[in-house]
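Close look at the chain arrangement
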Amino acid sequence: MNMTPQEYQQYVKQKAPKSPLLKDTVLAFVVGGAICVVGQLILNGWTAAGLEEKTAGTATSCTLVFLSALLTGLNLYNKLARFGGAGTLVPITGFANAVVSPAIDFRSED
């Protein structure tokens, strides 16, 4: 079966699954927003506990990294990432997941 590059591209386009772009975008927005709301609630909690604004921000970052690492270790962050897609790439939690996940994989391989 000989195909020209244009015919092949058309064939691939027909066979490729359609991406639910609107659904994926909405889920990413909702999940990313929820992570940010949790971060804001943690910041408010540290501020209410008596920390200064700058110190509360640092404590919030540490708390978010810890929670992300914990959820990654419990294999819950990956499930959330499959559901929320790019919404879980909120910088601090996505970074913690990216650091902890390979460490867990390495440990399981001994």
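See above for the structure.
A brief report on the enclosed structure follows. (Residues numbered from 1 in each chain as written. Predicted model: local features only at pLDDT ≥ 70, side-chain atom pairs only at ≥ 80, totals over all residues. Heavy atoms only, no water.)

Assigned secondary structure in the chain consists of five helices and zero strands. Principal-axis analysis of the C-alpha atoms gives the chain an extent of 70 × 40 × 20 Å. Within the span of the chain, comprising 110 residues, buried residues form 22% of the whole. For the chain, the share of sequence-separated contacts (at least 6 apart) that also reach a separation of at least 24 residues comes to 59%. Summed over its atoms, the accessible surface of the chain is roughly 8,300 Å², and 67% of this surface lies on carbon and sulfur atoms. For the chain, the separation between the mean place of its 8 positive charges and that of its 7 negative charges on side chains is 11 Å. (Helix = DSSP H or I, 4+ residues; strand = E, 2+ residues; numbered from the N terminus. Buried < 20%, exposed > 50% of the residue type's maximum accessible area, 1.4 Å probe, protein only. Contact = heavy atoms within 4.5 Å. Areas by Shrake-Rupley, 256 points an atom, 1.4 Å probe, with all protein chains shown as cover. Lys, Arg positive; Asp, Glu negative; His and termini not counted. Charge placed at Lys NZ, Arg CZ, Asp CG, Glu CD.)

Looking now at unusual backbone geometry. Non-glycine residue N75 carries a positive phi angle of around 65°. Within the fold, N75 resides in the loop between α3 (53-73) and α4 (76-84). By relative accessible area, N75 is classed as partly exposed at 35%.

For N97, the position within the fold is in helix α5 (residues 91-108). Excluding residues within four positions of it along the chain, N97 makes contact with S68, T72, Y77, N78 and P102.

This part covers a nonpolar patch on the surface. Residues F66, L67, L70, L71, L74 and L76 make up a contiguous nonpolar surface patch of about 530 Å² in total accessible area. The dominant element in the nonpolar patch, judged by the number of residues it contributes, is α3, at four residues. You can see L71 is positioned in helix α3. In this structure L71 comes out as partly exposed when scored by relative accessible area, which is 32%. (Patch = residues over 30% accessible without salt bridge, like charges linked within 9 Å, V, L, I, M, F, W, Y side chains within 5 Å. Salt bridge = Lys/Arg side-chain N within 4 Å of Asp/Glu carboxyl O.)

Take the packing of helix α2 (residues 21-48) against α4 next. Axis separation between α2 and α4 bottoms out at 8 Å; the angle between their running directions is 140°. What the angle tells us is that α2 and α4 run oblique. Where α2 abuts α4, its residues L27, A28, V31 and I35 lie against Y77, L80, F83 and G84. Counted by class, the contact of α2 with α4 contains seven nonpolar, one polar and no charged residues. (Axes fitted to C-alpha atoms, helices over the stretch in contact; angles between N-to-C directions. Parallel < 35°, antiparallel > 145°, perpendicular 65-115°, else oblique. Nonpolar A, V, L, I, M, F, W, Y, C, P; charged D, E, K, R; others polar.)

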